[in-house]
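# Structure at a glance
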Amino acid sequence: MTAYLSFREYEGFGFQSMDELDFKQLLPRAVEVLDFVTQHFYQFTPLETDVEFRKRQFKKAVAVQIQYFHELGQVTTAGMNAAPQSVKIGRTQISLDSAFSSVGMNKRHGLVCPDVYVYLQATGLLSRGVGG
């Protein structure tokens, strides 16, 4: 597995602090997600020799994906969306009001952090044609 990002680089981008063990546990799953989003571009092109702008944006995308997994405490779509809509104990009911959409259903979390697309938008990694 290609790591793409070191813990030091992650911290250098200014994302929320986490310990290095958590980072190392989340990194492989974040790499899988970014490989999927970029059609495995860096499996065939060396990251370190790529254009500096694209390399930096890609590393930031990996970092924000790690942060997303860390904040949600999950690394799968099923895990991210497993929270109950409400809990009732006796006459007390607790609802996740802030997570409700206008139709009364919980908003769903996708596997890919939406910010990944912000970092990758101008890199060409999202819409490569034949010949990459």
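Placed above this text is the structure.
Residues numbered from 1 in each chain as written. Predicted model: local features only at pLDDT ≥ 70, side-chain atom pairs only at ≥ 80, totals over all residues. Heavy atoms only, no water.

Let us look at the overall build of the protein chain. Looking only at helices and strands, the protein chain has six helices and two strands in total. Listing the helices and strands of the protein chain from first to last along the sequence gives α-α-α-α-α-β-β-α. Buried positions account for 33% of the 132 residues belonging to the protein chain. Long-range pairs, those at least 24 residues apart, make up 68% of the contacts in the protein chain with a sequence separation of at least 6. In the structure as shown, the protein chain presents an accessible area of about 8,200 Å², 54% of it carried by carbon and sulfur atoms. (Helix = DSSP H or I, 4+ residues; strand = E, 2+ residues; numbered from the N terminus. Buried < 20%, exposed > 50% of the residue type's maximum accessible area, 1.4 Å probe, protein only. Contact = heavy atoms within 4.5 Å. Areas by Shrake-Rupley, 256 points an atom, 1.4 Å probe, with all protein chains shown as cover.)

Attention now moves to the environment of Val112. With respect to the secondary-structure elements, Val112 resides in the loop between β2 (92-95) and α6 (114-120). Val112 gets classed as buried once you look at its relative accessible area, which sits at 16%. When the C-alpha positions of Val112 and Leu34 are compared, they lie 8.3 Å apart, and in sequence the two are 78 residues distant. Residues within four places of Val112 in sequence aside, it is in contact with Val33, Val37, Gln65, Tyr68 and Tyr117.

With that settled, consider the nonpolar core. By size, the foremost hydrophobic cluster in this structure holds 30 residues, and its most contacted members are Tyr10, Phe58, Val62, Ile66 and Val116. Contributions of two or more residues to this core are made by α1 (7-12), α2 (20-37), α3 (41-44), α4 (52-72) and α6. When sequence neighbours within four positions are dropped, the list of residues in contact with Phe58 reads Tyr4, Leu34, Thr38, Tyr42, Leu47, Leu120 and Leu125. (Core = buried A, V, L, I, M, F, W, Y, C linked by side-chain atoms within 4.5 Å.)

On to the packing of aromatic side chains. Per the stated rule, a full pass over the model turns up nine aromatic pairs. With a centroid separation of 5.0 Å and an interplanar angle of 90°, the aromatic rings of Tyr4 and Phe58 are classed as edge-to-face. With a gap of 54 residues between them, Tyr4 in the segment before α1 and Phe58 in helix α4 connect regions that are remote in the sequence. Taking the relative accessible area as the measure of exposure, Tyr4 reaches 6% and is therefore buried. Phe58 sits in the buried class, given a relative accessible area of 0%. Ring pairs connect the aromatic residues Tyr4, Phe41, Tyr42 and Phe58, which therefore count as one cluster. (Phe/Tyr/Trp six-rings, centres within 6.5 Å; stacked < 30°, edge-to-face > 60°.)

Below, the discussion takes up the packing of α2 against α4. Interhelical geometry of α2 versus α4 gives an angle of 120° and a closest axis separation of 9 Å. In terms of orientation, α2 and α4 fall into the oblique class. Once α2 is placed against α4, the crossing between them reads as right-handed. Within the contact between the two elements, α2 uses Asp22, Phe23, Leu26, Leu27, Arg29, Ala30, Val33 and Leu34 and α4 uses Phe58, Ala61, Val62, Gln65, Ile66, Phe69 and His70. A class-by-class count of the residues in the contact of α2 with α4 yields eleven nonpolar, two polar and two charged. (Axes fitted to C-alpha atoms, helices over the stretch in contact; angles between N-to-C directions. Parallel < 35°, antiparallel > 145°, perpendicular 65-115°, else oblique. Left-handed = near helix turned anticlockwise from the far one by under 90°. Nonpolar A, V, L, I, M, F, W, Y, C, P; charged D, E, K, R; others polar.)

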